[in-house]
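Listed here are the chains, written in short residue letters.
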Amino acid sequence: MEFDILILGSDANAYYMARCVHEAYNKKAYLIGKDRLAFTKYSDILQIQYEKNLWNEKIFVEIINNFAEERKERKVLIISTNETYAEYIMRNQEVLKTNLLYAYPSIEVLKTLTNKEIFYKTYKRSELDFPETYYFDCKKNTLLPNTIEYPIVLKPANVVSYNHLSFEGKNKIYKIENEEELKSVIKRIKEAGYVDKLIIQEFIEGDDSNLFDAVVYVDRNGKVKVLSFAQIGLQEQTKTMVGNAAVLINGFNTTNGDTTKMMKKITKFMESIHYHGFAEVDMKYDKKTNTFKVLEINARQGRCSYYITALGANLVKTLVEDVIYQNELPEKILKEQILLTFVPKGIIKKYIKNKEFKQKALYLWKKKKKVSPMIYNKDKNWKRFLMLRKRLFHYYKEYKNSYWRS
């Protein structure tokens, strides 16, 4: 069966998904993106077009329908790299061309995951554990709870709405040390035009190695077919990137947490909500309760999810087999150890605090059991090579000047 892959976005996530296409089928993916981001604009393994109004839902539907119409004799698999486009797809299913195929849950389920207030409230009584959470309504002069213990974490409940804003001092996540700082940050967010709820959450103690990542794929029959569980050693440090893993090891755990038990919880949860497609589960281990507390579930593959391809579960091939060919997928519980890194070895040596994790990371690097999602030896554009070298060097400045302290 003839098919094309259409990736929506132009960031790091979009690049490694295009890489998955090239690795699996030795052909170029098509990308439609809003911005000319360095991760994709110099690549030779994809074909990209830019649409400045891609975040306009009506125009978005027109664009992807036009793409499908030009290929009406072929199937087109759509892969979104963010929740905005996934919502647009599921909200407009009835008007999308019939040769457009995709793997996402219903719009009702999507909303319970993309809006963090709805997420925590909807699944509070599920098998998952969550940090202690409060909500602040930006439309009202809500009183801050006097039971808050600092430091705390502040983040938007409505990620889709927040992502469309641009303002000085914008962070993806805020670590707040006192009430004065909390009020100042809330004021700044409100003045930028954000009118939804904010999440105020306990800060779980521990360095970055207390963070964990799971990638899960649920097939069209509602069964989990792919599941990984990785310990993060270091997260990104810029204000817009904190919360994204920079270094992780799959199948590794230096805490006392029971990863097998947590993987069973994730499987039960994802199947219970009738999910379909890839999701990324972000967690932090709480040593006080000996539990993995779920911070969020992204309704898509995450920025660091490429490592499961290196473990034999190519993300794009998984989608193609399930959605286009409708084959029965084998169950892949990925326990093999592999290192994923966006940063150079010097950053690992200097900034990873967990000595056991650092030792394992350097060992896997030496044994060549390592993947770097952005570095693909079959993508030989020299401008891209220079960009990547510059990016690796820039990491030293980012970590030196980091505002985020565990």
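Everything discussed here concerns the structure shown above.
Now for a quick tour of the structure. Residues take numbers from 1 onward in each chain, read along the sequence in its written order. Where totals are concerned, whole chains, interfaces and linings use all residues; where local detail is concerned, this predicted model gives features only for residues with pLDDT of at least 70, and gives and counts side-chain atom pairs only at 80 or more. Side-chain measures here rest on the full set of heavy atoms in the structure, leaving out hydrogens and waters.

## As for the side chain of Asn 92
Next, step 1: Here Asn 92 lies in the loop between helix H4 (83-91) and strand S5 (100-101).
Next, step 2: Here the side chain of Asn 92 touches Glu 57 through a polar contact of 2.9 Å, side chain to side chain.
Next, step 3: Under this definition, polar contacts are N or O atom pairs within 3.5 Å; protein pairs additionally need one hydrogen-donor-capable and one acceptor-capable atom, and for neighbouring residues in sequence, both atoms have to be side-chain atoms. Among the polar contacts listed, one links the side chain of Asn 92 to the backbone oxygen of Tyr 88, at a separation of 2.7 Å.
Next, step 4: If we ignore the near neighbours within four places in the chain, the residues touching Asn 92 are Glu 57 and Val 61. Each helix corresponds to a stretch of at least 4 residues labelled H or I by DSSP, and each strand to a stretch of at least 2 residues labelled E; elements are numbered beginning at the N terminus. Contacts are assigned to residue pairs with any non-hydrogen atoms lying within 4.5 Å of each other.

## Some thoughts on a nonpolar patch on the surface
Next, step 1: A residue counts toward a patch only above 30% relative accessible area and without a salt bridge, and it is joined to like-charged neighbours within 9 Å or, for Val, Leu, Ile, Met, Phe, Trp and Tyr, to nonpolar neighbours within 5 Å. Computed by Shrake-Rupley with a 1.4 Å probe, the accessible areas treat only the displayed protein chains as cover when residues are assessed. Any Lys or Arg side-chain nitrogen located within 4 Å of an Asp or Glu carboxyl oxygen qualifies as a salt bridge. Together, Trp 382, Phe 385 and Leu 386 make up an exposed nonpolar region whose accessible area comes to about 390 Å².
Next, step 2: Inspection of the secondary structure puts Trp 382 in helix H14 (residues 382-400).

## Topic: the pattern of salt bridges
Next, step 1: Following the criterion strictly, the structure yields 26 salt bridges and no others.
Next, step 2: In this structure, Arg 74 engages Glu 2 in a salt bridge whose closest nitrogen and oxygen atoms are separated by 3.1 Å. Residue Arg 74 is located in the loop between helix H3 (57-69) and strand S4 (75-80), and its partner Glu 2 is located in the segment before strand S1 (3-8); the two are separated by 72 residues in the primary sequence.
Next, step 3: For the exposure calls, accessible area comes from a 1.4 Å probe over protein chains only, and a residue counts as buried if that area is under 20% of its type's maximum, exposed if over 50%, partly exposed in between. By relative accessible area, which is 26% here, Arg 74 ends up partly exposed.
Next, step 4: Note that Glu 83 is salt-bridged to Arg 300, the shortest N-O span being 3.1 Å. Residue Glu 83 is located in helix H4, and its partner Arg 300 is located in the loop between strand S15 (291-298) and helix H10 (307-310); the two are separated by 217 residues in the primary sequence.
Next, step 5: Among the charged side chains, a network of salt bridges with common partners joins Glu 2, Asp 4, Glu 70, Arg 71 and Arg 74.

## Description of helix H13 (residues 355-366)
Think of an α-helix as turning once every 3.6 residues; residues three or four places apart then point the same way.
Next, step 1: Here the expected span of a helix is defined as 1.5 Å times the quantity of residues minus one. With 12 residues, H13 extends 17 Å from end C-alpha to end C-alpha; this agrees with the ideal 16 Å at 1.5 Å per step.
Next, step 2: Buried-residue contacts for H13 involve strand S12 (230-235), strand S13 (245-250), strand S17 (338-341), helix H12 (345-351) and strand S18 (370-371).
Next, step 3: The N-capping residue of H13, defined by a side-chain oxygen 3.1 Å from the backbone nitrogen of Glu 356, is Asn 354.
Next, step 4: One or two positions beyond H13, positive phi appears at Lys 368, with a value near 60°.

## A few points about the pairing of S12
Next, step 1: Burial runs high along S12: 6 of the 6 residues are buried.
Next, step 2: Between any two strands, at least two bridges found by DSSP are needed for them to pair. As judged from the 2 bridges shared by strand S10 (residues 211-218) and S12, these two strands associate in the antiparallel manner. Its bridge partner being in S12, Asp 213 is matched across the sheet by Ala 230.
Next, step 3: Two strands pair when backbone bridges link them, and S12 and S13 are joined in this way by 5 bridges, in the antiparallel orientation. Bridging across to S13, Gln 235 finds its partner in Ala 245.

## Considering the sheet that holds strand S3 (residues 46-50)
Next, step 1: Pairing is parallel across the open sheet formed by 5 strands, whose spatial order is S3-S2-S1-S4-S5. Taken across any chain shown, the strands that pair with only one partner, and hence form the sheet edges, are S3 and S5.
Next, step 2: Two strands pair when backbone bridges link them, and strand S2 (residues 29-33) and S3 are joined in this way by 5 bridges, in the parallel orientation. Paired with Ala 29 across the two strands is Leu 46, which belongs to S3.
Next, step 3: Here H3 sits on the sheet in contact with S1, S2, S3, S4 and S5, set at roughly 160° to S1. All axes are obtained by fitting lines to C-alpha atoms, using only the stretch in contact for helices, and the reported angles, taken between N-to-C directions, cover 0 to 180 degrees.

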